Each structure stands twice: as C-alpha cells, then as structure tokens.
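So the chains spell out like this:
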Amino acid sequence: MERIPILKIGDVLLASIQIDLQDRDVLALQEDLAEKICSSGARGVILDISAVDIVDSFIGRMFATIAATSRLFDAETVVVGMRPAVAITLVELGLTLGEVRTALDLEKGLAILAALGDRTDR
Amino acid sequence: MTPPAAREEIPITADEDVVRVRQAVRSYAQKAKLSLVDQTKLVTATSELARNTLTYGGGGTAVVEFLTEGRRSGVRASFQDDGPGIPDVDLALTDGWTSGRGMGLGLSGARRLVDEFTLDTGAGQGTTVTVVKWSR
C-alpha cells in the first residue's frame, strides 16, 4: 500500500494521486485528509486526478465520501483534472459524483476555493 | 514492454489483484487497438467485476483473452468464483440495487460499458461473468 502525500498550500490541502489506486489507498487517503483538515484548519481540499486513468464506482464513491467528510470540518472539496475518457466512462457507468465540485485543472480549482472563501467569512 | 500472451489467468484473492487485473486488461485493450475511451470503459468494467469477485464471490479467477474475428480485434475478460452465486439475476442487474457495500452500479454499470455481457450464476453455483469489447 502506498500513502498519497498531502501538501498544504495556504489554507488548502492538495492531494495529487499519482498511483494506480487500490481500494485501501483511497480509504487511507480519506482518513489522512480528515486528520489533516482537523489539525490544520484547512478550508479547502483539492484532489488532483489528472494522472488517474480509471475511476470506478468504488473510487468515485470515495471521492464523494471525502467531500462529505471535509464538509463536516467546514472545508470544501474540488476534484480537478479528470481525463475526458474517465468522464465519459463515469457517465455511462451511471455514477454521479454527488455534490463533489469539479474543475478542469488545479488553477481553476484553487480559484473556486478562493471564491467560496470570499463569499463566506474571510 | 513485451506484448501480452493470447491468454492470461489472474487469481483474485486480495485488493491488489484488482489493480493487476486492470493493468492486464489495459495492455490487452491496447494490443486490440481499442480507442482510449473504449480502453477506459473496458478497464473500468473489469475493475467493477474483479471487485465483485473478491467482495461477493470470496475470491476467484480472472481470465483475459485477446480475440480476433475477421478484421476486428477485441478483448474478453471473464471472472469466475465459487461463491454463493446470485439468486435473482434480474434484481442484481438493476441500477442501484446492492446486497452489501457499494452503490449497486457494479454489474449494471459494467454491462453498459462493454459490447457483450454474459452472466452465468445461480444460488449455490458460484458466478461467472464474461465481458467482451471489440475495436471499432
């Protein structure tokens, strides 16, 4: 099993997935992110999946779970960099990512989080 | 990378075997010259089925094969387990129906992602699911 590194940039946590995900890698990421949001007080989470070549129902559901968990800690999650073939497959599979926000790339993801932050208390 | 053999058997007994199945199916799909989208669909479908084999079948075997038929080529992947089987196939193929964890998209979703889908199962008989995707 490999641990996905979580980087902190300002009040955003960035997890860039660069490995072929096993189910337990995603579960570990969920736990690590919850811990890190809690300890750092981060207000946003970015999941970079630009290197991920498939998202099946388990992995997709975990993204939604991560977003829901983060929200309990007052942090928004944005999934960025989804490949076109992955997007087409997800739709055909019947998987909606629920309330997970998505953005084309990291830059747009950060912009979304910044805009959300401005609208609330900061 | 050496080209894949015409047929490969992969035991599914642990989490990491699901990843091994995905990688094998990917290399066969490339050999069969499936488009990137079709490769992704097939790999995603087999990922669902391999996980089903592990979760519901208690483990089993995947067989990945390279196919040719006239001018087209394709990949067949079958997943066999000796688990409890599926008593109600129609129900299991319904979107959103799940007997356990998961979202109930595994079987029905996998079927939508491939060209051919066969399910051979019954209560107490184990389960074999076979999928085929052809190049266009």
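Residues numbered from 1 in each chain as written. Chains lettered and ligands numbered in written order. Predicted model: local features only at pLDDT ≥ 70, side-chain atom pairs only at ≥ 80, totals over all residues. Heavy atoms only, no water.

Draft legend 1. Representation of the UniProt feature "domain: STAS" (unreviewed entry) in chain A within the structure. With numbering matched to this structure, UniProt assigns "domain: STAS" (unreviewed entry) to residues 2-113 of chain A. Helix makes up 46% of residues 2-113 of chain A and strand 20%, and the two end C-alpha atoms of the span are 28 Å apart. (UniProt positions renumbered as here; feature names shortened; annotations may be inferred. Helix = DSSP H or I, 4+ residues; strand = E, 2+ residues; numbered from the N terminus.)

Draft legend 2. Representation of the interface of chain A and chain B in the model. On the side of chain B, 23 residues touch chain A, which itself brings 21 residues to the contact. Together chain A and chain B conceal approximately 2,000 Å² of surface at their shared face, both sides included; 53% is due to carbon and sulfur atoms. Per-residue buried area on chain A facing chain B is highest for Ile54, Glu92 and Leu93 of chain A; these three make up 27% of the total on that side. Counting across the chain A and chain B interface gives seven salt bridges. (Contact = heavy atoms within 4.5 Å. Buried area = accessible area lost by both parts, 1.4 Å probe. Salt bridge = Lys/Arg side-chain N within 4 Å of Asp/Glu carboxyl O.)

Draft legend 3. Structural view of helix α2 (residues 57-72) of chain A. The end-to-end C-alpha distance of α2 of chain A is 23 Å, a good match for the 22 Å that 16 residues give at a rise of 1.5 Å each. Taken as a whole, α2 of chain A has its buried residues at Ser57, Phe58, Ile59, Gly60, Met62, Phe63, Ile66, Ala67 and Ser70 of chain A. Tucked into the core, α2 of chain A has its buried residues touching α1 (23-40), β3 (44-48), β4 (76-80) and α3 (84-93) of chain A together with α1 (15-31) and α2 (36-55) of chain B. Once α2 of chain A finishes, Asp74 of chain A follows within two positions and takes phi at roughly 60°, a positive value. (Expected span 1.5 Å × (residues − 1). Buried < 20%, exposed > 50% of the residue type's maximum accessible area, 1.4 Å probe, protein only.)

Draft legend 4. Seen up close, the nonpolar core. Residue and element names in this part refer to chain A. Residues Ile17, Leu29 and Leu47 are the most contacted members of the largest nonpolar core, which totals 64 residues. Here Leu29 is in contact with Ile4, Ile6, Ala15, Ile17, Leu47 and Ile66, once residues within four sequence places are set aside. In this structure, Ile46, Ala103, Leu113 and Leu116 belong to the second largest nonpolar core, which totals eight residues. (Core = buried A, V, L, I, M, F, W, Y, C linked by side-chain atoms within 4.5 Å.)

Draft legend 5. Looking closely at the pattern of salt bridges. A full pass over the atoms with the stated rule returns 20 salt bridges over all chains. A salt bridge links Asp56 of chain A to Arg51 of chain B, with the nearest nitrogen and oxygen atoms 2.9 Å apart. In this pair, Asp56 of chain A is assigned in the loop between β3 and α2 and Arg51 of chain B in helix α2, connecting two distinct chains. In this structure, Asp56 of chain A and Arg51 of chain B share a single accessibility class: buried. Two residues, Lys108 of chain A and Asp105 of chain A, come together in a salt bridge whose shortest N-O distance is 4.0 Å. The class of Lys108 of chain A is partly exposed, set by a relative accessible area of 44%.

Draft legend 6. Main features of the side chain of Thr46 of chain B. With respect to the helices and strands, Thr46 of chain B occurs in helix α2. Ignoring sequence-local partners within four residues, the contact set of Thr46 of chain B consists of Val21, Val25, Ala77, Phe79 and Val131 of chain B.

Draft legend 7. Broad picture of the packing of aromatic side chains. Residue and element names in this part refer to chain B. Inspection of every chain in the model, using the stated rule, returns zero aromatic pairs over all chains. The ring of Trp134 carries Arg72 above its face, with NZ or CZ at 4.0 Å from the centroid. The positively charged end of Arg111 is found above the aromatic ring belonging to Phe117, 6.0 Å away from the centroid. (Phe/Tyr/Trp six-rings, centres within 6.5 Å; stacked < 30°, edge-to-face > 60°. Lys NZ or Arg CZ within 6 Å of the ring centre and 35° of its normal.)

Draft legend 8. The arrangement of the environment of Val100 of chain A in detail. Residue and element names in this part refer to chain A. For Val100, the position within the fold is in the loop between α3 and β5 (101-103). For the pair formed by Val100 and Val78, sequence separation is 22 residues and the distance between their alpha carbons is 6.5 Å. Not counting residues within four places of it along the chain, the set of residues in contact with Val100 comprises Phe63, Ala64, Ala67 and Val79.

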